[in-house]
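Notes for the structure review
Each chain, written out:
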Amino acid sequence: MDRIEQLEPTGLFGANVPRYTSYPTAPHFSDAFGAAEAGRWLAELPGREPLSLYLHIPFCERLCWFCACRTQGVRNPEPVARYLEVLKAEIGLLAAALGERRKVARIHWGGGTPTILSPTQIIDLTGTLRRNFDIAPDAEFSVEIDPTAVDEAKIDALALGGMTRASIGIQDFDPAIQRAIGRAQSFDLTARVVRQLRAAGIVSLNTDIVYGLPGQTLDGIRASTEAVLSLDPDRVALFGYAHVPWIAKRQRMIDADTLPGPQARLALVEQTETQFVRAGYQALGIDHFARPGDSMALAARQGRLRRNFQGYTDDNCEALIGLGASSIWKLPGGYLQNAPATAHYAGRVQAGHLAVTKGYALSLEDRVRAAFIERFLCDMSVELGALEKEFGSFVELIRPDINRALDRFGHWLYWHRGQLRLSPDGKPLARLIASEFDAFLRGGTARHSQAI
């Protein structure tokens, strides 16, 4: 029996499930949450615990058709400058709400296009963070870099501000595929930016590559992967393209008939995974790879890999605070989300309020399920004893789900020394199996992306 015939009975090729960068996922957040709940949860944070900050820059000079992120196009610098002033004000509001100067161990700038900021604006924003928080000397400061919207002056400003890790989106280097997704970015330009980053002292580099794009073939993605490998990144994220035009209307520009089907997507991802592993990268979770000496690879070997809205991470901060329009927070009490529209976001901040408009308070059952799903997607296994130490008898809440998953996926899922494990050849099923533990998915109306 070949690979496709083996997996077909599981329903993998027709399934749509969440990516589980949170549990519950964002569609289940409630608008009953706001600045008052955010203030209360912030006040409950232990004073000595360091924070992780995410800053969202939602603007792009070009809107790539494949992207489902919350972004907006701009043709002149004025909206960016106005947004930056609001973002700086929000930073001040957050610092005041915390009540004391807090230590920050992680900073991530995402978007959108953070490198749409000018060098002066970059220095201004990093300075605002340092004036309001105690940035740890060894803090990781990562920034998403668009090679078409960055130059040496911006890179120098980011390095001066403390950037330690650069993340470059690539997707695919095939010009025909780039035209099909509205993203022109040559290999030569990308390689030049990589050299500039390294010359500025940024030695840690992440790259993204996407499978399942329109017209993508095995030969084409093999060539793009070889080009990515020639850049010698420390980490690589191999994402499956999520065609969700009901969320991202710009995706209607992509001809759905040109997208690879589920079986073709499986072939694309498994071939690319093999390339990275043969090149010496350690596979992490469902879609990341890292050099063995990278801190994320070390975290994975030690069972410390985490999963949040930025994907896989070795960030061990218990509080991830989102700044900027649409940003999501993860606090011990649950999740919060800022107003997604920039005008609404700006109005709340200018009125002197934290910008939170949605959230979700985690119940004990939610915590059990969230812990199981995170560990399963990070380690491809879960030690029930560890969950019992944390949650006691409440772990029995998921016993029926375990039994159901074993019945459905028993060819790939098995017990070994108190661990529920997924066999290596069952990796494509990981998100589908995780969905067995999602109490919100049963009878829910939210739409999700392909399971493979």
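Residues numbered from 1 in each chain as written. Predicted model: local features only at pLDDT ≥ 70, side-chain atom pairs only at ≥ 80, totals over all residues. Heavy atoms only, no water.

In the nomenclature of an unreviewed UniProt entry, the protein chain corresponds to Coproporphyrinogen-III oxidase from the organism Halovulum dunhuangense. Quoted verbatim from the Pathway (unreviewed entry) field of the UniProt record, the comment on the protein chain reads "Porphyrin-containing compound metabolism; protoporphyrin-IX biosynthesis; protoporphyrinogen-IX from coproporphyrinogen-III (AdoMet route): step 1/1." Turning to the protein chain, the UniProt record has this under Function (unreviewed entry): "Involved in the heme biosynthesis. Catalyzes the anaerobic oxidative decarboxylation of propionate groups of rings A and B of coproporphyrinogen III to yield the vinyl groups in protoporphyrinogen IX." (UniProt positions renumbered as here; feature names shortened; annotations may be inferred.)

**Notes on the overall build of the protein chain**
Counting its regular elements, the protein chain contains 15 helices and 19 strands. Summarising its shape, the C-alpha atoms of the protein chain cover approximately 60 × 50 × 40 Å along the three principal directions. When burial is assessed residue by residue, the protein chain has 56% of its 452 residues classed as buried. Sequence separation of 24 or more characterises 73% of the internal contacts of the protein chain that already satisfy a separation of 6 or more. Carbon and sulfur atoms provide 52% of the accessible area of the protein chain, an area that totals close to 18,800 Å². Separation between the mean location of the 50 positive side-chain charges and that of the 51 negative ones in the protein chain comes to 2 Å. (Helix = DSSP H or I, 4+ residues; strand = E, 2+ residues; numbered from the N terminus. Buried < 20%, exposed > 50% of the residue type's maximum accessible area, 1.4 Å probe, protein only. Contact = heavy atoms within 4.5 Å. Areas by Shrake-Rupley, 256 points an atom, 1.4 Å probe, with all protein chains shown as cover. Lys, Arg positive; Asp, Glu negative; His and termini not counted. Charge placed at Lys NZ, Arg CZ, Asp CG, Glu CD.)

**Side note on the packing of helix α8 (residues 218-230) against helix α9 (residues 262-278)**
Relative placement of two packed helices is described by the angle separating their axes and the distance separating the axes. Where α8 contacts α9, the axes come no closer than 10 Å and their chain directions differ by 30°. Between α8 and α9, the angle falls in the class roughly parallel. Every pair of crossing elements has a handedness; the one defined by α8 and α9 is right-handed. Side by side, α8 and α9 meet where Leu-218, Ile-221, Arg-222, Thr-225, Glu-226, Val-228 and Leu-229 of the first sit next to Ala-267, Leu-268, Gln-271, Thr-272, Gln-275 and Phe-276 of the second. (Axes fitted to C-alpha atoms, helices over the stretch in contact; angles between N-to-C directions. Parallel < 35°, antiparallel > 145°, perpendicular 65-115°, else oblique. Left-handed = near helix turned anticlockwise from the far one by under 90°.)

**Some points on the pattern of salt bridges**
With the rule as written, the count across this model stands at 22 salt bridges. Among the salt bridges present, the one from Arg-106 reaches Asp-314, with a minimum N-O distance of 3.0 Å. You can see Arg-106 sitting in strand β4 (residues 103-111) and its partner Asp-314 sitting in the loop between β12 (311-313) and β13 (319-323), a full 208 residues away along the chain. Under the relative-accessibility criterion, Asp-314 is labelled buried at 7%. (Salt bridge = Lys/Arg side-chain N within 4 Å of Asp/Glu carboxyl O.)

**What to know about helix α4 (residues 119-132)**
An ideal rise of 1.5 Å per residue puts 20 Å on 14 residues; α4 measures up with 20 Å between its terminal C-alpha atoms. Looking only at α4, the buried set comprises Gln-121, Ile-122, Leu-125, Thr-126, Gly-127, Thr-128 and Leu-129. Lining the buried residues of α4 we find β1 (51-57), α3 (78-98), β4, β5 (134-145) and α5 (152-160). (Expected span 1.5 Å × (residues − 1).)

**Quick notes on the UniProt feature "binding site: S-adenosyl-L-methionine 1" (unreviewed entry) in the protein chain**
Using the residue numbers shown here, the UniProt feature "binding site: S-adenosyl-L-methionine 1" (unreviewed entry) corresponds to Tyr-54, Gly-111, Glu-144 and Ile-328. Among the structural elements, Tyr-54 can be located in strand β1. Side-chain polar atoms of Tyr-54 contact the side chain of His-56, separated by 2.9 Å. In this fold, Glu-144 is placed in strand β5. Under the relative-accessibility criterion, Glu-144 is labelled partly exposed at 26%. Apart from residues lying up to four places away in sequence, Glu-144 is in contact with His-108, Trp-109, Gly-110, Gly-111, Gly-112, Pro-114, Thr-115 and Ser-167. (Polar contact = N/O pair within 3.5 Å; in protein donor to acceptor, adjacent residues only side chain to side chain.)

**Some words on helix α7 (residues 187-199)**
Taking 1.5 Å as the rise per residue, α7 with 13 residues should run 18 Å; its terminal C-alpha atoms sit 18 Å apart, in good agreement. Within the sequence span of α7, burial applies to Leu-189, Thr-190, Ala-191, Val-193, Val-194, Gln-196 and Leu-197. Taken together, the buried residues of α7 touch β5, α5, β6 (165-171) and β7 (204-211). At the C-terminal side of α7, Gly-201 shows a positive phi close to 95°.

**Observations concerning the UniProt feature "binding site: S-adenosyl-L-methionine 2" (unreviewed entry) in the protein chain**
Here, UniProt's "binding site: S-adenosyl-L-methionine 2" (unreviewed entry) annotation points to Phe-66, Cys-67, Ala-68, Gly-112, Thr-113, Gln-171, Arg-183, Asp-208 and Ala-242. With respect to the helices and strands, Phe-66 occurs in the loop between β2 (59-60) and β3 (72-73). Given a relative accessible area of 14%, Phe-66 falls into the buried group. When sequence neighbours within four positions are dropped, the list of residues in contact with Phe-66 reads Gln-171, Ile-181, Arg-183, Leu-213, Tyr-241, Gln-251 and Ile-254. Inspection of the secondary structure puts Thr-113 in the loop between β4 and α4. Setting aside residues up to four positions removed in sequence, Thr-113 forms contacts with Ile-57, Phe-59, Cys-60, Asp-146 and Ala-149.

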